Amino acid sequence: MTIGRIARPGSGPHPGRLLVATALLSGLLAACGSRPAPNVLLVVIDTARADRFSFDGYRRDTSPRIAALAREGAVYERACTPAPWTLPAHASLFTGLFPSRHGADSGHLRLDDDLPTLAEAFRGAGYRTLGYAANPWVGRQYRLDRGFDSYEEIWRQVHGEEEDAGATRLNARVDRWLTWRDGNQEARRQPFFLFVNYLEPHLPYNPPEPERSAFLTPPVDAAAVERLRRFKHPEEVRYILGLTALAPGDLRILSDLYDGEIAYADRRVGELVDLLRRRALLDRTVVVITSDHGEEIGEHGFLDHKMNVYDPLLRIPLVLRYPPAVPAGQRIADPVMLQDLFPTLLGLAGIETPARAPRGATAVGPREAVVLPGVRGLATVSPRLGGGVAGAESTPPGGAEPIVAEFARPVQFLEVMREVVHGADLTPFERTLVAWRSGDEKLHWSSDGRHRLYDLARDPAEENDLAPQHPERVAALAAQVEAWLRRPVARPPLAQPPRR
């Protein structure tokens, strides 16, 4: 495979100079040859766990349209999110940084203005940038709209208990913009970066027909289905706290309805693809289908997607299609992370990665400059770094890079839980968590010292905690996590590790 280079941060012309019209066009040439810069469609299916997609090996055909795209590009079989909820995950996607570096997380619900974003980089290189968000957590108030020429909060148009959580409206808005572009010669000359956030399959799991009935396990209890398709907050809080028990079979129905939501999102993604195909834009567009995080549907006693770092929350789907640079039919087993899309998409567009060293922080950290494997013409901005185990950014023994996800002490969620259930003991949830996976070994590090250890090769469901049997190994891995948390960052880390 031919390997090229993405420009290092700070090298080459300043992005602002590309705003001059004549320089703009020259800046819109992709890295490989004289091919015009591609369009980019970045689709995030909110709350979509990887193992419910048919191209990920799921026994049900929940995602035929995305599976077809996957056959024409690359499927990343071990893609993970750096955070199990929406705001920090999207902030990582938009900055290429871990939550403990960008700081947009519980306790600080905004993306600070001094961190360059993906949309800002595209706009600075002459792209038209458009965003459509169906989840309020991907809203303007959290500053996730920075860099977009147009940013529509679709969720503001959804009212009551509608079956469609905004996907129909969202697709109609994209279609309307593309139709406008069809009739505008100047707009057609300008590449676009189009970000789409679907709220499906978030609670409540209430897909429209025919998807709602398509995956229900017979015999179907119609009354239970009617009740559970309206199951939503705060019922999941009471379930997590052990104050509400679901009836036998309820989790199976919730799981079936969740599959219906995946299938409905798949239908809507297929419509987006058709909008591009009909205009002969599809093969000139980098198409990414992914999620911000997964979901738990009864596993480990949880519903929804907070308060833990188990794999159903961290493993996400990731499909990349762009025929000029991504050979079709790839199934890539290398571990990758959501924020790896930041340098990858910029590299595919021939745009230099922006420098990012706010208030004295190091410019690049572990995984913060890694492009996805299986893409021709790209290489890492810097070598694959090891996770900062022995020092700020150093490589751990053996050179293996851990996969890391973070869940900050849930300040706002704890307040909501207290409002829902007065007097409940929330002590078990008042902690920061870090998932630290190296090979098949995974540590759930906790700021209160209640660590868990799992062997994913023998126990992929994370049901057998090995921490009591292996205290020395837990201590060694915990020391690696704590060293990583102490790495130089622009803001304080998620939680200061305990003193030994």
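It should be emphasised that the depicted structure is a prediction, and the values quoted were computed from it without experimental measurement. (Residues numbered from 1 in each chain as written. Predicted model: local features only at pLDDT ≥ 70, side-chain atom pairs only at ≥ 80, totals over all residues. Heavy atoms only, no water.)

Student: Please explain the packing of helix α6 (residues 167-182) against helix α11 (residues 250-278) as it appears in this structure.
Tutor: Two quantities define a packed helix pair, namely the angle between the axes and the distance from one axis to the other. Where α6 meets α11, the axes come as close as 11 Å, and the angle between the chain directions of the two elements is 5 degrees. In this view, α6 runs roughly parallel relative to α11, as classed from their interaxial angle. Between α6 and α11, the residues in contact are A167, T168, N171, V174, D175 and L178 and Y264, R268, E271, L272, L275 and L276, respectively. Considering only residue class, the contact of α6 with α11 consists of seven nonpolar, two polar and three charged. (Axes fitted to C-alpha atoms, helices over the stretch in contact; angles between N-to-C directions. Helix = DSSP H or I, 4+ residues; strand = E, 2+ residues; numbered from the N terminus. Parallel < 35°, antiparallel > 145°, perpendicular 65-115°, else oblique. Contact = heavy atoms within 4.5 Å. Nonpolar A, V, L, I, M, F, W, Y, C, P; charged D, E, K, R; others polar.)

Student: Mind showing me how you'd approach the packing of aromatic side chains here?
Tutor: How two aromatic rings sit relative to each other is set out by the distance from centre to centre and by the angle between their planes. In the structure shown here, the tally under the stated rule is 18 aromatic pairs. Seen in terms of ring centroids, W177 and W180 are 6.3 Å apart; in terms of plane orientation they differ by 40 degrees. Their pairing is tilted. Note that W177 and W180 are positioned in helix α6 at a spacing of three residues, about one turn of the helix. An aromatic cluster of three or more residues is present, and its members are F94, F122, Y127, F148, Y151, F193 and F195. The positively charged end of K306 is found above the aromatic ring belonging to F413, 5.0 Å away from the centroid. Here the guanidinium or amino end of R487 rests over the ring plane of W484, the centre of that ring lying 3.7 Å away. (Phe/Tyr/Trp six-rings, centres within 6.5 Å; stacked < 30°, edge-to-face > 60°. Lys NZ or Arg CZ within 6 Å of the ring centre and 35° of its normal.)

Student: I keep staring at the sheet that holds strand β12 (residues 433-438) and nothing clicks. Help me out?
Tutor: Strands pair in a sheet through their backbones, by hydrogen bonds, and they do so in one of two ways: parallel or antiparallel. Taken together, four strands build an open sheet; the order of strands is β11-β12-β13-β14 and the sheet is antiparallel. On the outer flanks of this sheet lie β11 (403-407) and β14 (452-455), each paired with one strand and no other. This sheet shows a mean twist of 15 degrees between the axes of neighbouring strands, independent of strand direction. Of the strand pairs in this sheet, strand β13 (residues 441-446) and β14 are connected by four bridges, and their pairing is antiparallel. Across the sheet, the residue bridging to K442 is Y454, located in β14. Packing of helix α15 (residues 471-485) onto the sheet brings it into contact with β11, β12, β13 and β14, and relative to β13 it is tilted by some 65 degrees. (Pairing = 2+ DSSP bridges.)

Student: Please clarify how the side chain of D46 should be interpreted in this entry.
Tutor: On the secondary structure map, D46 appears in the loop between β1 (39-45) and α2 (64-71). In this structure the side chain of D46 is engaged in a polar contact, spanning 2.8 Å, whose partner is the side chain of T47. At 3.5 Å, the side chain of D46 and the side chain of T86 are in polar contact. In contact with D46, other than residues within four places in its own chain, are T86, H90, N135, N197, Y198, L199, E200, P201, H202, S291, D292 and H293. (Polar contact = N/O pair within 3.5 Å; in protein donor to acceptor, adjacent residues only side chain to side chain.)

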